[in-house]
Amino acid sequence: MACVSSSSSFVCFPLSRPISRTTRLGLMAATTVKAEAITTEKSGVKIVRNPPESKLTELGVRSWPKWGCPASKFPWTYSAKEICYLLEGKVKVYPDGSTDAVEIGAGDLVEFPKGMSCTWDVSVGVDKHYKFE
């Protein structure tokens with residue numbers, strides 16, 4: 001059995017004979033797949049998972065202020081639209097009147113609509129860049 005890993009994938013397969021280092025490197029290159037950005041919307045919250053760095057640069061995300069909090073649970077109301085990019089953390093956001101959570105985490109670009117009231121249930125401390133519009 002041979003296993004090949006890269007930063008974005010891990011593949012194992014049976015071998016009938018040993019393989020060379022060159023072959024292993026070739027397999028690693030062949031199995032490297034760049035994660036695609038996936039956009040979803042739930043309860044009015046827009047989430048882009050794995051946005052390309054070019055999108056973050058276009059928005060100027062790295063120049064936005066930063067905010068963070070430890071694991072906690074608290075209510076929040078958005079008096080303006082917020083766009084944020086989570087550097088760290090894992091959160092379940094429960095919009096008021098809903099028992100269905102919107103799950104966000106590190107690597108997500110998220111847009112919360114103006115006027116939304118919700119409860120943040122932070123299971124892993126958050127560090128994020130944010131901007132209100």
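Residue indices begin from 1 for each chain and proceed along its sequence in written order. Predicted model: local features are reported for residues with pLDDT of at least 70 only, side-chain atom pairs are reported and counted for 80 or more only, and whole-chain, interface and lining totals are derived from all residues. In computing side-chain values, all of the structure's heavy atoms are included and hydrogens and water are not.

Under an unreviewed UniProt entry, the name given to the protein chain is (S)-ureidoglycine aminohydrolase cupin domain-containing protein, and the organism recorded is Hevea brasiliensis.

In this model, the largest pocket occupies a volume close to 170 Å³. In this analysis, the protein atoms alone were mapped onto a 1 Å grid. Cavities are point sets where a 1.4 Å probe fits without being able to get out; pockets are open sets with protein on both sides within 12 Å along at least five of seven lines; lining residues have an atom within 4 Å of a point. Forming the walls of the largest pocket are W67, F74, W76, Y78, E82, W120, K128, Y130 and F132. Secondary structure counts use DSSP, requiring at least four H or I residues in a row for a helix and at least two E residues in a row for a strand, with both numbered from the N terminus. Those elements that provide at least two residues to the lining of the largest pocket are strand 6 (72-77) and strand 10 (117-132). Looking at which element gives the most residues to the lining of the largest pocket, the answer is strand 10, with 4 residues. Grid points are joined across faces, edges and corners, and a volume is the space filled by probe spheres set on the points.

Stacked, tilted and edge-to-face are the three classes assigned to paired rings of Phe, Tyr and Trp, where Trp is represented by its six-membered ring and a pair needs centres within 6.5 Å; plane angles under 30 degrees give stacked, over 60 edge-to-face, the rest tilted. Inspection of every chain in the model, using the stated rule, returns 7 aromatic pairs. A centroid spacing of 6.2 Å and a plane angle of 90° characterise the contact between W67 and W120, whose relative ring orientation is edge-to-face. Of the two residues, W67 is situated in strand 5 (residues 66-69) and W120 in strand 10; the sequence distance between them amounts to 53 residues. Ring geometry for F112 versus W120: centroids 5.9 Å apart, planes at 40°, classification tilted. Each member of the pair, F112 as well as W120, is classed as buried. By the ring-pair criterion, three or more aromatic residues cluster together here, those being W67, F74, W76, Y78, F112 and W120. Throughout, exposure labels follow a simple rule: accessible area from a 1.4 Å probe, protein chains only, divided by the maximum for the residue type, with under 20% read as buried, over 50% as exposed, and the rest as partly exposed.

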